[in-house]
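Summary of structural features
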Amino acid sequence: MAGKRKAKRVLEDLSKPSKWRLQHGTFEGPIRAADPATGSPTQHRRAVDTLGQMLANGTITPQMHEAGEIFRGLFRAACFDGMSTSQIVRLPGMRVDTLSTLQIDARRRVAAALDALGGHDSPGGSCAWFVVGLEFSVREWAMRQGWAGRTVHGPVGQGILVGTLGTLAMHFGLTPRTRAA
């Protein structure tokens, strides 16, 4: 009886980002430095997010970038990102599914921001939820999102993101409201 051959395992290069990580955004070149604790040379790679890349390109203003960071922080504090963790300290009589006051407040603020964008199903609300909150790329969001049976093209998706960030900047009070004369 002949046994089955085992497939050879291909070891990936751990000094480079994995294929999975590279499909979720680009990296800047490695920065060579010395480890403060040991003094040995190290390489640091920094992932560039969509908002940071748009700020560096001059597509959005610093206020828009800050508004996106505020929304992302609220989104994470509200625990909408889908990452579940177990409690380190388990107290008797406490339920796992209870929300803290921080989470409830963050959920209210995210809901208010989505209302300012036109609701969750609007282009701005959907873009804020997926691109800013869940950190999808604009291309990923545009491919999965569509209105009236048509998908959103890349440049249109980027324009929706810019409009969304401008509205969020105004909602969070980072840019003044102007009155039309």
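Above this text you will find the structure in question.
On a predicted model such as this, the values are computed, not experimentally measured, just so you know.

1. Looking at the overall build of the protein
- Scanning the protein from terminus to terminus reveals 7 helices and 4 strands.
- Traced from its N-terminal end to its C-terminal end, the protein shows the element sequence α-β-β-α-α-α-α-α-β-β-α.
- Accessible surface computed for the protein: about 13,200 Å², of which carbon and sulfur atoms make up 56%.

2. Considering the packing of aromatic side chains
- Scanning the entire structure with this criterion turns up 5 aromatic pairs.
- Measuring from ring centre to ring centre gives 5.1 Å for Phe80 and Trp129, while their planes differ by 40°; the resulting arrangement is tilted. Pair noted here: Phe80 is in the loop between α3 (62-77) and α4 (101-116) and Trp129 is in helix α5 (residues 123-133), with a separation of 49 residues, a long-range link.
- The exposure class assigned to Phe80 is partly exposed, which follows from its relative accessible area of 24%.
- On the basis of relative accessible area, Trp129 is assigned to the buried category, the value being 16%.

3. Points about the packing of helix α2 (residues 50-57) against helix α7 (residues 154-171)
- Two elements in contact, α2 and α7, have axes whose closest approach is 13 Å; the angle formed by their N-to-C orientations is 90°. Relative to α7, α2 is oriented roughly perpendicular. Of the residues in α7, those in contact with Thr50, Leu51 and Met54 of α2 are Gln158, Leu161, Val162 and Leu165.
- Here the contact of α2 with α7 is composed, by residue class, of 5 nonpolar, 2 polar and no charged.

4. Quick notes on the environment of Val156
- Relative to the helices and strands, Val156 is located in helix α7.
- Owing to a relative accessible area of 47%, Val156 belongs among the partly exposed residues under this scheme.

5. A short note on the nonpolar core
- Grouped together as the largest cluster of nonpolar side chains are 30 residues, with contacts concentrated most on Phe71, Leu114, Trp141, Leu161, Leu165, Leu168 and Phe172.
- Mapped onto this core, the elements with two or more residues apiece are α2, α3, α4, α5, α6 (138-144) and α7.
- Looking at this core element by element, the count peaks at 6 residues for α5.

6. A short note on α5
- Burial analysis of α5 places 10 of its 11 residues in the buried class, the great majority of the element.
- For α5, the full list of buried residues reads Gly124, Gly125, Ser126, Cys127, Ala128, Trp129, Phe130, Val131, Val132 and Gly133.
- Where α5 is buried, its residues touch α2, α3, α4, α6, β3 (146-147) and α7.
- Where α5 ends, the next residue or the one after it, Glu135, has phi of about 60°, a positive value.

Rules of the game
- Residues numbered from 1 in each chain as written.
- Predicted model: local features only at pLDDT ≥ 70, side-chain atom pairs only at ≥ 80, totals over all residues.
- Heavy atoms only, no water.
- Helix = DSSP H or I, 4+ residues; strand = E, 2+ residues; numbered from the N terminus.
- Areas by Shrake-Rupley, 256 points an atom, 1.4 Å probe, with all protein chains shown as cover.
- Phe/Tyr/Trp six-rings, centres within 6.5 Å; stacked < 30°, edge-to-face > 60°.
- Buried < 20%, exposed > 50% of the residue type's maximum accessible area, 1.4 Å probe, protein only.
- Axes fitted to C-alpha atoms, helices over the stretch in contact; angles between N-to-C directions.
- Parallel < 35°, antiparallel > 145°, perpendicular 65-115°, else oblique.
- Contact = heavy atoms within 4.5 Å.
- Nonpolar A, V, L, I, M, F, W, Y, C, P; charged D, E, K, R; others polar.
- Core = buried A, V, L, I, M, F, W, Y, C linked by side-chain atoms within 4.5 Å.

Interpretation in functional terms is not warranted from these geometric data alone.
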